[in-house]
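# Chains, contacts and geometry: an overview
What follows is the residue order along each chain.
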Amino acid sequence: MDDKKIATVFKALCDENRVKIIRALQNGEKCACKLLQEINVSQPTLSHHMKILCDSGIVSGRKEGKWTHYSISPQGTMLAKEYLNSITELYQKK
């Protein structure tokens, strides 16, 4: 596993606002306009956080008109779990 990819995933999870965004998406897809209201951040700040979350693969976005709709990516979350397992697995000495 690529250490840079692992770091990108965990960078996405190390900010309180990004955790709030992920929690907001647990109920399903949301438009950026709804996330702006729920998270109470500026539009540029939300864009910054969404870029990091999308780059990590944990969140995916799709454009609809002028807005982007975001959702949790099942594949991305599975990969994040695999990364955590891979770097925390203890090896037994033989």
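What comes next is a walk through the structure. (Residues numbered from 1 in each chain as written. Predicted model: local features only at pLDDT ≥ 70, side-chain atom pairs only at ≥ 80, totals over all residues. Heavy atoms only, no water.)

## Topic: the sheet that holds strand β1 (residues 30-31)
Strands belonging to one sheet form pairs held by backbone hydrogen bonds; the direction of such a pair is parallel or antiparallel. With respect to topology, three strands assemble into an open sheet ordered β1-β3-β2, the strand pairing being antiparallel. Two strands lie at the open edges of the sheet, namely β1 and β2 (59-64), each paired on one side alone. Of the strands in this sheet, β2 and β3 (67-72) are in contact with helix α4 (residues 43-56), which crosses β2 at around 120°. (Pairing = 2+ DSSP bridges. Helix = DSSP H or I, 4+ residues; strand = E, 2+ residues; numbered from the N terminus. Contact = heavy atoms within 4.5 Å. Axes fitted to C-alpha atoms, helices over the stretch in contact; angles between N-to-C directions.)

## So, the side chain of T68
One can find T68 in strand β3. Leaving out residues up to four positions away in the same chain, T68 has contacts with K30, C31, A32, G61, R62 and K63.

## Describing the environment of E38
You can see E38 is positioned in helix α3 (residues 32-39). Spatially, the C-alpha atoms of E38 and A24 are 7.6 Å apart, while their sequence positions differ by 14 residues. With residues near it in sequence (within four places) discarded, E38 still touches A24 and K30. Polar contacts involving the side chain of E38 include one to the side chain of K30, which spans 2.9 Å. (Polar contact = N/O pair within 3.5 Å; in protein donor to acceptor, adjacent residues only side chain to side chain.)

## Let's talk about the packing of α3 against α4
Two quantities define a packed helix pair, namely the angle between the helix axes and the distance between the axes. Relative orientation of the contacting elements α3 and α4 amounts to 110°, with a least axis distance of 10 Å. As far as their axial angle goes, α4 and α3 are roughly perpendicular. Every residue of α4 that contacts α3 at A32, L35 and L36 is listed here: Q43, L46 and M50. Class assignment of the residues belonging to the contact of α3 with α4 gives a composition of five nonpolar, one polar and no charged. (Parallel < 35°, antiparallel > 145°, perpendicular 65-115°, else oblique. Nonpolar A, V, L, I, M, F, W, Y, C, P; charged D, E, K, R; others polar.)

Geometry only, nothing functional implied.
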